[in-house]
Amino acid sequence: MKQIKTTYLLIAILLESLAACSKMDDTQVTLYDDAAITSFTLGTVNRYVNGKKSTFSGSDYLFHIDQVTRTIYNSDSLPMGTDAAHIVCGLTTYNNSQPYIISTDGTYMTYHSSSDSIDFSTPRTFRVIASSGAGYTDYTVKVNVHKENPDSFVWKKMADIPVMNDLRTIMFNDQLYVFGNEGGTTTAYTTDDGSAWTPVTLPTTADANTWQNAVATIDSLYIMCGTKVYRTQDFTTWDEDNSEVLDEASIKQLIGASSQEVYALSTSGMLMSKYSGNLNLGMWIPADFESDVNAEDLPTDDYAFTCYPMAYADSTDYVVMGGTKKIGDEWQGRVWRRIVDYSGVGILSELKKLIEEAASGSETISSTWIRQWTYMERTGNKLYELPALKNLQLVYYGEELLAFGGQSYDNEITPLIAFWRSRDNGITWKQDVNYTMPPIDGTTQFDNSATSFSAAADNEGNIWIVSAGTGEVWRGRLNRVAWEE
């Protein structure tokens, strides 16, 4: 009791002193009942990788404060190797409320100092006490740290698919579809996560070549059986597509698709396109090239397509077509690009005009710009060119273009050995060591000698490779890309 009485006596003396000072200075001290943290930042943070120490600025990582749930966290995790057990942090409070940090066992609390390091390897509780002493607010602070190397490419072997002779892999409606030649006819299977494969019903007219005539837009999947093109949106109903061909020819092969267009070759060898978003605008339109010389540079083999949204332009796609062509005795890689605006004032209005012209019997096909393709010509410079790979695969992944394939035509590149990356929309291609073929741990056999395989990228940051000869299915991801997804 003596200790308690002494404490109260000291408090009374302190309060009287404050009151006296207030009267002397004619200044009144205002106390508040509010208690809140209004900002939270980290100081310089240590990082250890392979035994080597480095530092980075923790203030580069934004911390969110949820005043409803009283939680503070960083959505962009700190890099792997961060020393989360020794981090200094700074914070500001509302109305001079006083910040304290509660011990990990909850038995005591200490006043927070921006010069003292804190163990953030587990979530910590900060208590902010109102300046009036009338109440307090507790916040849970969680410092997120990556547990994986962002530049590691990780592969996982998935459930095998029935063995087929040739393959084409397509992403459609967040499902992976694989079409292949199985016993002289085309069969198809689908999966959503790679744990099991379900057969897909195809039209009875499907033949041994239908697998190589399967392409998908954002809302429709097309196949070609013999000379007939079919479209489905649910794999239950297949509608025959009887779109007119403005080439005085017929469609020979489907070779690719963008988000809203289908691309094909006609029997006269012309590259054709057809808008898929509205069947009333369905018409196969011949491509237009920069010059007749460029048209001769179209690939003839190993066609590969991908598309992706054009940055800073709504309803606009980059469409990239890759392939190979033999020039004399040498096989060369070929890259073509098309930029197409799918908005109401873009391709749609021009398509309507073109169809009206065709219906009126006009011999002049206008709207050149909606049919334009550009050849990524290297003018003889072979540095960083797309290699001439058999069974070329092209995917848009991590906001970049990736190419890989089988053995090169000059036999200098072995099958499925590496990825080539393009950061400039298909102009230059450089082999990237961050992208590795499976398996990286060496514990599971991967048949990279297969001559027939196919690949696709999904919306979850994964790349899929399916091997025809073995039925192996691999799913890989670059960690930092998957984190962004």
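Anything mentioned here points back to the structure above.
Residues numbered from 1 in each chain as written. Predicted model: local features only at pLDDT ≥ 70, side-chain atom pairs only at ≥ 80, totals over all residues. Heavy atoms only, no water.

Asker: It is not clear to me how the pairing of strand 36 (residues 473–478) should be interpreted in this structure. Could you clarify?
Answerer: Every regular strand shows the same layout, with side chains that alternate between the two sheet faces. When strand 11 (residues 153–157) meets strand 36, the two strands line up antiparallel, connected through five bridges. Bridging from a neighbouring strand, Val154 pairs with Arg477 of strand 36. Linking strand 35 (residues 463–467) back to strand 36 in an antiparallel pair, the connection comprises five residues, with Gly471 at a positive phi of about 80°. (Pairing = 2+ DSSP bridges. Helix = DSSP H or I, 4+ residues; strand = E, 2+ residues; numbered from the N terminus.)

Asker: Would you take a moment to explain the environment of Gly426 for this structure?
Answerer: Tracing the sequence through the fold places Gly426 in the loop between strand 32 (420–422) and strand 33 (430–431). Through-space distance from the C-alpha of Gly426 to that of Leu386 is 8.3 Å; in sequence the pair is 40 residues apart. If we skip the residues at most four places from it in the chain, Gly426 touches Val335, Met376 and Leu401. (Contact = heavy atoms within 4.5 Å.)

Asker: Just checking my understanding: could you explain the packing of aromatic side chains for this structure?
Answerer: Considering all chains together, one arrives at 24 aromatic pairs under this definition. Ring centres of Phe40 and Phe63 lie 5.2 Å apart, and the angle between their planes is 55°; on these two criteria the pair is classed as tilted. In this pair, Phe40 is assigned in strand 1 (residues 37–42) and Phe63 in the loop between strand 3 (52–57) and strand 4 (64–66), connecting sequence segments 23 residues apart. Taken together, the ring pairs connect Phe153, Trp155, Tyr397, Phe404, Phe419 and Tyr435 into an aromatic cluster. Positioned above the aromatic ring of Tyr409 is the side chain of Lys390, whose terminal nitrogen or guanidinium carbon lies 5.4 Å from the ring centre. (Phe/Tyr/Trp six-rings, centres within 6.5 Å; stacked < 30°, edge-to-face > 60°. Lys NZ or Arg CZ within 6 Å of the ring centre and 35° of its normal.)

Asker: Hey, could you run me through the sheet that holds strand 35 in this one?
Answerer: The pairing of strands in a sheet comes from backbone hydrogen bonds and takes either a parallel or an antiparallel form. Strand order in the open sheet made by the four strands is 11-36-35-34, with antiparallel pairing throughout. Two strands bound the open sheet, and with one partner strand each, they are strand 11 and strand 34 (453–457). Here the average twist between neighbouring strands, direction ignored, is 20°. With four bridges connecting them, strand 35 and strand 36 associate as antiparallel partners. Following the sheet pairing, Ile465 is matched in strand 36 by Trp474. (Axes fitted to C-alpha atoms, helices over the stretch in contact; angles between N-to-C directions.)

Asker: Any chance you could explain the layout of surface pockets here in plain terms?
Answerer: Taking a probe equal in size to a water molecule and rolling it over the atoms shows the remaining empty space. By volume, the second largest pocket is sized at about 300 Å³. Lining the second largest pocket are 18 residues, and of these Glu385, Pro387, Ala388, Asp410 and Ile413 sit closest to its centre. Breaking the lining of the second largest pocket down by element, the ones donating at least two residues are strand 28 (330–341) and strand 33. Looking at which element gives the most residues to the lining of the second largest pocket, the answer is strand 28, with four residues. Here the residues of the lining of the second largest pocket are counted per class, giving nine nonpolar, four polar and five charged. (1 Å grid on protein atoms, 1.4 Å probe; cavity = no way out; pocket = protein on both sides within 12 Å on 5 of 7 lines; lining within 4 Å. Points joined across faces, edges and corners; volume = space filled by probe spheres on them. Nonpolar A, V, L, I, M, F, W, Y, C, P; charged D, E, K, R; others polar.)

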